[in-house]
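Residue-level structural notes
The primary structure of each chain is shown beneath.
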Amino acid sequence: MEVLVAEPVKVRRLTDQEGRRLQQIVRRGSTSSVRYRRAMMILASAGGNRVPVIAQLVAADEDTVREVLHRFNEIGLACLDPQWAGGRPRLLSPDQEDLVVATATTRPTNLDQPFTRWSIRKLAAYLCTTAGGAIRIGREALRCLLARRGITFQRTKTWKESTDPDRDAKLDRIEHVIDNFPDRTFAFDEFGPLGIRPTGGACWAERGRPDRVAATYHRTHGVTYFHGCYSIGDDTLWGVNRQRKGTTNTLAALKSIRAARPDGAPIYVILDNLSAHKGPVIRRWTRHNKVRLCFTPTNASWANPIEAHFGPLRQFTLANSQHPNHTVQTRVLHAYLRWRNANARHPEVLAAQRPRTRPHPQ
């Protein structure tokens, strides 16, 4: 009897704006732990990580991860904010709420208003005279309505759209090697610059008595860059600190990846388009050693699977730290990597080690 196996749950292909926003939340952290953990789930799934691996990464239930991934596929980044139920019944119809949201997200100048942005007071006053029918709503109710619909007051930011003419082809190649050769696919990227300075973060403390780190004014230690390598099949992260980026250091990282699969069969490495990643020396070595390079599209480094794992690395080794020098900082990074690899075993590896209680159906 033929057995149908369900497709693994994963997010759809991210747009450039979604990828960069998720990367920003994961790398810089967020004031909301819910947004941070959900962003990590989505970015990890976009990088080819399976649901069990993501569940271990964020310490969540697998069903929760699947629910977030499905929700993202339905409504996009709006899934980062939970929808809390309860409260008094709505006084506006759904069409009126849609009109309020559409007005709030439209530039006032496009509606013949003499200002560049809305305030709550100006928006409420304009809604009372809108051509679509007067909408009378208090300022606090208006603020709550916008928050419920995911509209918040934010600073204007610039953004980049990938102009790579081969964007779709590169993303297709990355997805292909992750889906078909996970045990022979690796990811590489630099993380930094890492300076020697007290870094604010978060920790548990008595109310009103937060932990503090001393300020510094003279920074004479320079910076380093963490050259990280990630094995998708083994769910293993390793790396080393270097004083600078360059062809020599990239080649050393690629050699360490090649050493992880010394059988001589082809392996695949996902990395970005930095010039130090694709010079003639790198091309010549990879060609002779059967290393296939899979480049992420320009301005789309979020497509690199290692990005989701750099967030915890920053949060648990650099944030809320006060390392005296690069030697101590490097020692802390390596200690965390050893702990991470010992406590984040790939579920498929564990399943393969367990004895089967019954044969697979034919």
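Residues numbered from 1 in each chain as written. Predicted model: local features only at pLDDT ≥ 70, side-chain atom pairs only at ≥ 80, totals over all residues. Heavy atoms only, no water.

**Quick word on the overall build of the chain**
Which entries qualify depends on this criterion: What counts as a helix is a DSSP run of H or I of at least four residues, what counts as a strand is a run of E of at least two, and both are numbered from the N terminus. Only protein chains enter the area calculation, which uses a 1.4 Å probe; residues under 20% of their type maximum are buried, those over 50% are exposed, and those in between are partly exposed. Contact between two residues is taken to exist if any of their heavy atoms lie within 4.5 Å; hydrogens are not considered.
The secondary structure content of the chain amounts to 13 helices and five strands. Residues counted as buried form 39% of the 362 residues belonging to the chain. Pairs at least 24 residues apart make up 70% of the contacts formed inside the chain by residues separated by at least 6 positions.

**A closer look at the packing of helix α9 (residues 247-260) against helix α10 (residues 280-288)**
Applied cut-off: Axis definition: a line fitted to C-alpha atoms, limited for helices to the stretch in contact. Angles are taken between N-to-C directions and run from 0 to 180 degrees. The labels follow the angle: roughly parallel below 35 degrees, roughly antiparallel above 145, roughly perpendicular from 65 to 115, and oblique for the rest. Two helices crossing with the near one rotated counterclockwise from the far one by less than a right angle form a left-handed crossing, whereas a clockwise rotation gives a right-handed crossing. Residues are grouped as follows: nonpolar covers Ala, Val, Leu, Ile, Met, Phe, Trp, Tyr, Cys and Pro; charged covers Asp, Glu, Lys and Arg; every other residue, Gly included, is treated as polar.
α10 packs onto α9 with a crossing angle of 15° between their chain directions and a minimal axis gap of 10 Å. As the angle between them shows, α9 and α10 are arranged roughly parallel. In this structure, α9 crosses over α10, and the sense of that crossing is right-handed. Contacts from T247, T250, L251, L254, K255 and R258 in α9 reach V281, I282, W285 and T286 in α10. For the contact of α9 with α10, the per-class residue count stands at five nonpolar, three polar and two charged.

**Topic: helix α6 (residues 120-127)**
Selection rule: An arc is given here, and it is the one of the directions from the helix axis to the C-beta atoms.
Residues L123, A124, Y126 and L127 constitute the buried set of α6. Buried residues along α6 cover an arc of 165° about the axis, so they all sit on one side. Contacts made by the buried residues of α6 are with α5 (94-104) and α7 (139-148).

**Quick look at unusual backbone geometry**
A negative phi angle is the norm for most residues apart from glycine, just as the trans form is the norm for most peptide bonds. With phi around 55°, D235 is a residue other than glycine that occupies positive phi space. By the element assignment, D235 lies in the loop between β2 (223-231) and β3 (236-242). According to the relative accessible area criterion, D235 is buried, its value standing at 3%.

**Details of the pairing of strand β1 (residues 185-195)**
Note the following rule: Strands were regarded as paired on the criterion that DSSP finds at least two bridges between them.
When you tally the buried positions in β1, you get eight out of eleven residues, the bulk of the element. Relative to β2, β1 runs antiparallel, the two sharing eight bridges. Of the residues in β2, the one forming a bridge with L194 is T224.

**Some words on the packing of aromatic side chains**
The test is simple: Think of it this way: a Phe, Tyr or Trp ring, Trp meaning its six-membered ring, pairs with another when their centres are within 6.5 Å, and the plane angle makes it stacked under 30 degrees, edge-to-face over 60, tilted otherwise. Criterion for a charge above a ring: Arg CZ or Lys NZ at most 6 Å from the ring centre, at most 35 degrees from the ring normal.
Evaluated as defined, the whole model comprises eight aromatic pairs. Summarising the aromatic geometry, the rings of F181 and Y268 are spaced 5.1 Å apart at their centres and angled 20° between planes, so their arrangement reads as stacked. Taken as a pair, F181 in the loop between α8 (167-180) and β1 and Y268 in strand β4 (residues 267-271) lie far apart in primary sequence, 87 residues in all. When its relative accessible area of 31% is taken as the criterion, F181 is described as partly exposed. Looking at Y268, the relative accessible area reads 14%, which means it is buried. Site record: aromatic cluster; members linked through ring pairs are F115, W118 and Y126. The lysine or arginine in question, K278, covers the ring of F295, its NZ or CZ lying 5.8 Å from the ring centre.

**Remarks on the side chain of S231**
Locating S231 in the fold gives a position in strand β2. Once you skip the residues sitting within four places of it in the chain, S231 turns out to touch T185, F186, T236, W238 and R261.

**Some words on the nonpolar core**
Rules: Within this scheme, the nonpolar core is defined by two criteria: the residues are buried Ala, Val, Leu, Ile, Met, Phe, Trp, Tyr or Cys, and they are joined through side-chain atoms within 4.5 Å.
Residues L14, I42, F226, I270 and L313 are the most contacted members of the largest nonpolar core, which totals 48 residues. At seven residues, the largest contribution of residues to this core is made by helix α2 (residues 33-46).

**Digging into the sheet that holds β4**
Taking strand neighbours across the sheet as the criterion, the five strands line up as β3-β2-β1-β4-β5 in an open arrangement whose pairing is mixed. Unpaired on one side and paired on the other, β3 and β5 (291-295) mark the two borders of the sheet. Each neighbouring strand pair of the sheet contributes to a mean axis angle of 25°, computed without reference to strand direction. Of the pairings in the sheet, the one linking β2 to β3 comprises seven bridges and is antiparallel in character. The residue bridging S231 from the neighbouring strand is T236, located in β3. The sheet contacts of α8 involve β1, β4 and β5, and relative to β5 the element is tilted by about 130°. Lying over the sheet, helix α11 (residues 307-317) contacts β1, β2 and β3, oriented at roughly 35° with respect to β1.

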